[in-house]
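Now for the letters of each chain:
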2 protein chains.
Amino acid sequence: MLVVDTSATVQALAALAHETRLALYRMLVERGPDGLPAGVIAERLNVPPSSLTFHVQHLHRAGLITQRRVGRQLIYAADYAAMNGLIATLTENCCGRGSVPLRRARGGPTAAVRRSA
Amino acid sequence: MLVVDTSATVQALAALAHETRLALYRMLVERGPDGLPAGVIAERLNVPPSSLTFHVQHLHRAGLITQRRVGRQLIYAADYAAMNGLIATLTENCCGRGSVPLRRARGGPTAAVRRSA
DNA sequence: CTTATCATTCGATGATACTCGAATTATCGG
DNA sequence: CCGATAATTCGAGTATCATCGAATGATAAG
């Protein structure tokens, strides 16, 4: 059984629990492994540079995005493994053991989660 | 295609992004459909009544738990469909567009999930 | 009606989170 | 070195969240 570091989970959830950061994270997921420089993200989200830094750091500290420098820009990219880890944690701990078959899906990739309340 | 209400997603994430509330939610998931009265939850979490109310309402407003009255006690229970909806939303929007296997639940450690036997 | 129990609401306090302009660090191209 | 660009850190102000005792509402039993 998977044991979870609760505070890491809370940190990841808190990082995503903000309009701006959720939009930012989604933008990076869409963009893929290449990522985007901070400046571009700030412009697209219409957020001043210092505010943008505040939010990307929040996501970075939570381990949800990666950071790398290219020349004088800092590139941020989504860390897919981290999100999958978070989803796995939620699935393992919070999904009503058996009443809802979400963990044993063997068919299509997301077949079991297509239905939403 | 799954329709996503961003602010509802943020609200659900924020509701879970707190040590006490995550513990509370997990307790209700373990307990199952019968749920638990507020008093019992408060005692088990070692939280004063008024603080407990604050947290259960947070989860209830986010739609993650249900509330019903039995006699003079209020019973709270996990709403599994809501959590599955949240997970579906995260999977649809934030997981690298099908390129990433959702199937890893006990692979390598990630930033959000750690072993702590 | 009165008392006891369960839980919530109220209100005051302290703690974090968020925003963003100004100053600072890092890098690049002459 | 110098000027320009990318991004961060700093600091101050505002807002929202969290905690919890005391007061209030809701239900039950005698």
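Further up the page is the structure itself.
To start, this report covers the structure provided alongside it. Predicted, not measured: the structure shown is a model, and the values here were computed from it. (Residues numbered from 1 in each chain as written. Chains lettered and ligands numbered in written order. Predicted model: local features only at pLDDT ≥ 70, side-chain atom pairs only at ≥ 80, totals over all residues. Heavy atoms only, no water.)

As for the overall build of chain A
Inference 1: Summing up its helical and strand segments, chain A has five helices and three strands in all.
Inference 2: Along chain A, from the amino end to the carboxyl end, the secondary structure elements read α-α-β-α-α-β-β-α.
Inference 3: Nonlocal contacts in chain A, meaning residues at least 24 apart in sequence, comprise 56% of its contacts between residues at least 6 apart.
Inference 4: Taken as a whole, chain A presents about 5900 Å² of accessible surface, with 49% of it coming from carbon and sulfur. (Helix = DSSP H or I, 4+ residues; strand = E, 2+ residues; numbered from the N terminus. Contact = heavy atoms within 4.5 Å. Areas by Shrake-Rupley, 256 points an atom, 1.4 Å probe, with all protein chains shown as cover.)

What about the protein's contact with DNA strand C?
Inference 1: Around DNA strand C, a shell composed of 22 residues is seen, among which His55 of chain A together with Gly39, Thr53, Gln57 and Tyr76 of chain B lie nearest.
Inference 2: Counting only the atoms of DNA strand C that lie within 4 Å of the protein, the sugar and phosphate share comes to 69%.
Inference 3: At a separation of 2.7 Å, a phosphate oxygen of DNA strand C approaches a polar backbone atom of Gly39 of chain B.
Inference 4: A distance of 3.4 Å is found between a sugar or linking oxygen of DNA strand C and a side-chain nitrogen or oxygen belonging to Arg72 of chain B.
Inference 5: Listed by contribution, the elements that provide at least two residues to the surface near DNA strand C are helix 4 (49-61) of chain A together with helix 3 (38-45), helix 4 (49-61) and strand 3 (73-78) of chain B.
Inference 6: Of the residues assigned to the surface near DNA strand C, the class counts are seven nonpolar, eleven polar and four charged. (Near = heavy atom within 4 Å. Polar contact = N/O pair within 3.5 Å; in protein donor to acceptor, adjacent residues only side chain to side chain. Nonpolar A, V, L, I, M, F, W, Y, C, P; charged D, E, K, R; others polar.)

Details of the sheet that holds strand 1 (residues 36-37) of chain B
Whether parallel or antiparallel, the strands of a sheet pair through hydrogen bonds between backbone atoms.
All names here are of chain B.
Inference 1: With antiparallel pairing, three strands are arranged side by side in an open sheet as 1-3-2. Two strands lie at the open edges of the sheet, namely strand 1 and strand 2 (65-70), each paired on one side alone.
Inference 2: Of the pairings in the sheet, the one linking strand 1 to strand 3 comprises two bridges and is antiparallel in character. Bridging from a neighbouring strand, Leu36 pairs with Tyr76 of strand 3.
Inference 3: Where helix 4 meets the sheet, its contacts fall on strand 2 and strand 3, and the angle it forms with strand 2 comes to roughly 120°. (Pairing = 2+ DSSP bridges. Axes fitted to C-alpha atoms, helices over the stretch in contact; angles between N-to-C directions.)

Regarding the packing of helix 1 (residues 6-16) of chain B against helix 5 (residues 80-94) of chain B
Residues and elements named next belong to chain B.
Inference 1: As a packed pair, helix 1 and helix 5 sit with axes 11 Å apart at the nearest point and diverge in direction by 115°. Taken as axis vectors, helix 1 and helix 5 run roughly perpendicular relative to one another. Considering only the axes of helix 1 and helix 5, their crossing is left-handed. On helix 5, the residues touching Thr9, Ala12, Leu13 and Leu16 of helix 1 are Met83, Leu86, Thr89 and Leu90.
Inference 2: When its residues are assigned to classes, the contact of helix 1 with helix 5 shows six nonpolar, two polar and no charged. (Parallel < 35°, antiparallel > 145°, perpendicular 65-115°, else oblique. Left-handed = near helix turned anticlockwise from the far one by under 90°.)

Looking at the protein's contact with DNA strand D
Inference 1: As a structural note, the neighbourhood of DNA strand D is formed by 22 residues, with Gly39, Thr53, Gln57 and Tyr76 of chain A together with His55 of chain B the closest of them.
Inference 2: The side chain of Thr53 of chain A places a nitrogen or oxygen atom 2.4 Å from a phosphate oxygen of DNA strand D.
Inference 3: Of all the secondary-structure elements, those providing two or more residues to the surface near DNA strand D are helix 3 (38-45), helix 4 and strand 3 (73-78) of chain A together with helix 4 of chain B.
Inference 4: Counting residues per element, the surface near DNA strand D draws most heavily on helix 4 of chain B, at five residues.
Inference 5: Residues that form the surface near DNA strand D fall into these classes: seven nonpolar, eleven polar and four charged.

Description of the sheet that holds strand 3 of chain A
Residues and elements named next belong to chain A.
Inference 1: Read from one edge to the other, the open sheet built from three strands follows the order 1-3-2, with strand pairing classed as antiparallel. Bordering the open sheet on either side are strand 1 (36-37) and strand 2 (65-70), each of which pairs with just one other strand.
Inference 2: Against the sheet, helix 2 (residues 19-31) makes contact with strand 1, strand 2 and strand 3, and its axis sits at roughly 85° relative to strand 3, the strand it touches most.

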